[in-house]
Amino acid sequence: MEPLGSSAKQGKKVTLNASTLAMSVMVIVLLVAVVFAANSNQIVGWFVVVISAGWLLLAAFMMFGLKRGAEKINNSLREATAAATPRAQPGTVVVDEATSQRDMKLDHSFKIVQVQARVIAEQRQNRGEDHEGMIDRALETIQMTATNARDMIKPAKPMDGEIID
């Protein structure tokens, strides 16, 4: 018995899987049909031979086609794995989903700040009471957005203190 990962070549094993079993059944059916058709020498017997031969050809086509397709998929998987292996350098940083989501939220917060800064710049050019209110709302939005963004950056602190009933 060889250990796992051994590179020693083993002889070809004969495996009995579903496709081999199905093919052997189809060959036996064809041989039985030929024997009975030859013995009875009737047209119906030879029709059965033709039908069983057709089924045998169909089964062979399917079996070899699927085997060839599985080999192609296996080869393409090996190639993709080999192509992806050099990319994984020792210094590669794995980013989890929470970090990615936090970064998207921070990006959105910065976009909000940029929009509000543009609103303030536009409203400063247009003097008036209405414009002062717009500037105040934009500054308030910037303040809330900055607070929310800073809360996303800070690690969550556990609550401490006394419980009051």
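Structural data are supplied above this passage.
Counting from 1, residues in each chain are numbered in the order their sequence is written. Selection of residues for local features in this predicted model requires a pLDDT of at least 70, selection of side-chain atom pairs for listing and counting requires 80 or more, and totals for whole chains, interfaces and linings are taken over all residues. The basis for every side-chain value is the complete set of non-hydrogen atoms in the structure, without hydrogens or water.

1. As for the pattern of salt bridges
- Salt bridges, as used here, are contacts in which a Lys or Arg side-chain nitrogen is within 4 Å of a carboxyl oxygen on Asp or Glu. Under the defined criterion, the tally for this structure stands at one salt bridge.
- The partner of Lys-111 in a salt bridge is Asp-107, with the nearest N and O atoms 3.3 Å apart. Separated by four residues within a single helix, Lys-111 and Asp-107 lie in helix H3 (residues 97-125), roughly one turn from each other.
- Here the term buried applies to any residue with accessible area under 20% of the maximum for its type, exposed to any over 50%, and partly exposed to those in between, with areas from a 1.4 Å probe on protein chains only. Residue class for Lys-111 comes out partly exposed when judged on its relative accessible area of 45%. Only runs of H or I of at least four residues qualify as helices and only runs of E of at least two qualify as strands under DSSP, and these elements are numbered from the N terminus.

2. Description of helix H2 (residues 43-84)
- Taking 1.5 Å of rise per residue, the 42 residues of H2 would be expected to cover 62 Å, and the 61 Å separating its terminal C-alpha atoms lies within 8% of that figure.
- Within H2 the residues assigned to the buried category are Gly-45, Val-49, Ser-52, Leu-56 and Ala-60.
- Buried-residue contacts for H2 involve helix H1 (18-40). Expected span of a helix, by definition, is 1.5 Å for each gap between consecutive residues, and there is one gap fewer than residues. Contacts are assigned to residue pairs with any non-hydrogen atoms lying within 4.5 Å of each other.

3. What to know about the side chain of Ser-52
- Mapped onto the secondary structure, Ser-52 falls in helix H2.
- Non-local contacts of Ser-52, meaning those with residues more than four positions away in its chain, are made with Met-26, Val-29, Leu-30 and Ala-33.

4. Focus on H1
- If you check H1, its first and last C-alpha atoms are 33 Å apart, about what 23 residues at 1.5 Å a residue would give, namely 33 Å.
- In the core, the buried residues of H1 are packed alongside H2.
- Following H1 by one or two positions, Asn-41 has its phi on the positive side, about 55°.

5. Brief notes about the nonpolar core
- Side-chain atoms within 4.5 Å are what join buried Ala, Val, Leu, Ile, Met, Phe, Trp, Tyr and Cys residues into a set we call a nonpolar core. Met-23, Met-26, Leu-30, Ala-33, Ala-37, Val-49, Leu-56 and Ala-60 form the largest nonpolar core, which has eight residues in total.
- Of all the secondary-structure elements, those providing two or more residues to this core are H1 and H2.
- No other element matches H1, which puts five residues into this core.

6. Regarding the side chain of Ser-109
- Inspection of the secondary structure assignment puts Ser-109 in helix H3.
- Once residues lying within four places of it in the same chain are set aside, the contact partners of Ser-109 are Thr-145, Ala-149 and Met-152.

7. Some thoughts on the packing of H1 against H2
- Lines fitted to the C-alpha atoms define the axes, with helices restricted to the stretch that makes contact. Angles between their N-to-C directions range from 0 to 180 degrees. The N-to-C vectors of H1 and H2 enclose an angle of 165°; their axes lie 9 Å apart at closest approach. By the angle between their axes, H1 is roughly antiparallel relative to H2. Handedness of the H1/H2 crossing: left-handed. Packed against H1, whose contacting residues are Ser-19, Met-23, Met-26, Val-27, Val-29, Leu-30, Ala-33, Val-34, Ala-37 and Ala-38, the element H2 presents Gly-45, Trp-46, Val-48, Val-49, Ser-52, Ala-53, Trp-55, Leu-56, Ala-59, Ala-60 and Met-63 at the interface.
- In the scheme used here, Gly and all other residues not listed as nonpolar or charged are polar, with Ala, Val, Leu, Ile, Met, Phe, Trp, Tyr, Cys and Pro taken as nonpolar and Asp, Glu, Lys and Arg as charged. Per-class residue counts for the contact of H1 with H2 are 18 nonpolar, three polar and no charged. Here is the rule for angles: anything less than 35 degrees is roughly parallel, anything more than 145 is roughly antiparallel, 65 through 115 is roughly perpendicular, and the remaining ranges are oblique. Handedness of each helix crossing follows the sense of rotation of the near helix against the far helix: counterclockwise by less than a right angle gives left-handed, clockwise gives right-handed.

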